[in-house]
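Analysis of the macromolecular model
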Amino acid sequence: MKKAELQNLLSTVKNIALVGASQKTHRPSYEVMHFLQAKGFNVFPINPALAGQSILNERVYASLDELPVKVDMVDIFRNSQAAGETCEEVLALPKEKQPSLVWMQIGVINDNAAKTLKEQNFTVVMNECPKQVLS
């Protein structure tokens, strides 16, 4: 996808689940979460190891199904294989809680998961960073 198409996709997003969020300020997930918050997005960090704690003043959730709101986008900061597990978690959500967009960060590529999601009418972005798209 071209940058303009990605920017257009992001213009439809308000709530983002960031899977693989880190409390470590030098980690890309922390930097991207901070950037997205500064751009006005509501970002919900997902990390089972940090559940109940806070990252950038947001409560950390253990999984997508624990989120109190429907998100528009799931942003995946996990390795390519683990991204498949996250995509399965997206598909397991009740229809009314499923996001329309699944975004895999730079270096995260899982063609099988992307194919499955696209067959279910999800929009999928792989190997891209929303911070770079919006910068």
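The structure this text deals with has already been given above.
Structural notes, computed from the coordinates. (Residues numbered from 1 in each chain as written. Predicted model: local features only at pLDDT ≥ 70, side-chain atom pairs only at ≥ 80, totals over all residues. Heavy atoms only, no water.)

1. Section: the pattern of salt bridges
Under the defined criterion, the tally for this structure stands at two salt bridges. Arginine 78 is the partner of glutamate 85 in a salt bridge, and the nearest nitrogen-oxygen pair spans 3.5 Å. Accessibility expressed as a relative area gives 44% for glutamate 85, which makes it partly exposed. Assessed through its relative accessible area of 31%, arginine 78 is described here as partly exposed. (Salt bridge = Lys/Arg side-chain N within 4 Å of Asp/Glu carboxyl O. Buried < 20%, exposed > 50% of the residue type's maximum accessible area, 1.4 Å probe, protein only.)

2. A word on the nonpolar core
If you look at the biggest cluster of nonpolar residues, it comprises 25 residues, and the most contacted ones within it are Leu36, Ile55, Met73, Leu101 and Trp103. A total of five residues in this core trace back to one element, the largest contributor, which is helix H2 (residues 28-38). Those residues in contact with leucine 101, other than ones at most four positions away along the chain, are Leu9, Val13, Asp72, Met73, Val74, Thr123 and Val125. Formed by 22 residues, the second largest nonpolar core is a distinct cluster that contains Leu67, Val74, Met104 and Phe122. (Core = buried A, V, L, I, M, F, W, Y, C linked by side-chain atoms within 4.5 Å. Helix = DSSP H or I, 4+ residues; strand = E, 2+ residues; numbered from the N terminus. Contact = heavy atoms within 4.5 Å.)

3. Examining helix H1 (residues 3-10)
Three or four residues apart is the spacing at which side chains of an α-helix point the same way, because the helix has 3.6 residues per turn. Residues of H1 that are buried: Leu6, Leu9 and Leu10. All buried residues of H1 fall inside an arc of 95° around its axis, so they share one side. The exposed set on the far side of H1, more than 90 degrees from its buried face, consists of Ala4 and Asn8. Residues of H1 that are buried sit in contact with strand E5 (73-76), strand E6 (101-104), strand E7 (123-125) and helix H5 (130-134). (Arc of directions from axis to C-beta.)

4. Thoughts on empty space enclosed by the protein
With a probe scaled to a water molecule rolled over the atoms, the places where space remains empty come into view. Enumeration according to the criterion identifies one cavity of 30 Å³ or more in this entry. Put simply, the largest cavity is a space of about 50 Å³. Contributing to the lining of the largest cavity are Leu64, Leu67, Val69, Lys70, Val71, Val74, Leu93, Lys97 and Pro99. Here the lining of the largest cavity is composed, by residue class, of seven nonpolar, no polar and two charged. (1 Å grid on protein atoms, 1.4 Å probe; cavity = no way out; pocket = protein on both sides within 12 Å on 5 of 7 lines; lining within 4 Å. Points joined across faces, edges and corners; volume = space filled by probe spheres on them. Nonpolar A, V, L, I, M, F, W, Y, C, P; charged D, E, K, R; others polar.)

5. So, the sheet that holds strand E1 (residues 15-19)
Overall, parallel pairing links the five strands, which are arranged E2-E1-E5-E6-E7 in an open sheet. Lying at the two open borders of the sheet, with one neighbouring strand each, are strand E2 (42-46) and E7. Neighbour-to-neighbour, the strand axes of this sheet turn through a mean angle of 20°, independent of strand direction. Both E6 and E7 contribute to a ladder of three bridges, which runs parallel. By the bridge assignment, leucine 101 is partnered in E7 with threonine 123. In the packing of helix H3 (residues 80-92) onto the sheet, contacts are made with E1, E5 and E6, and the angle to E5 comes to roughly 165°. (Pairing = 2+ DSSP bridges. Axes fitted to C-alpha atoms, helices over the stretch in contact; angles between N-to-C directions.)

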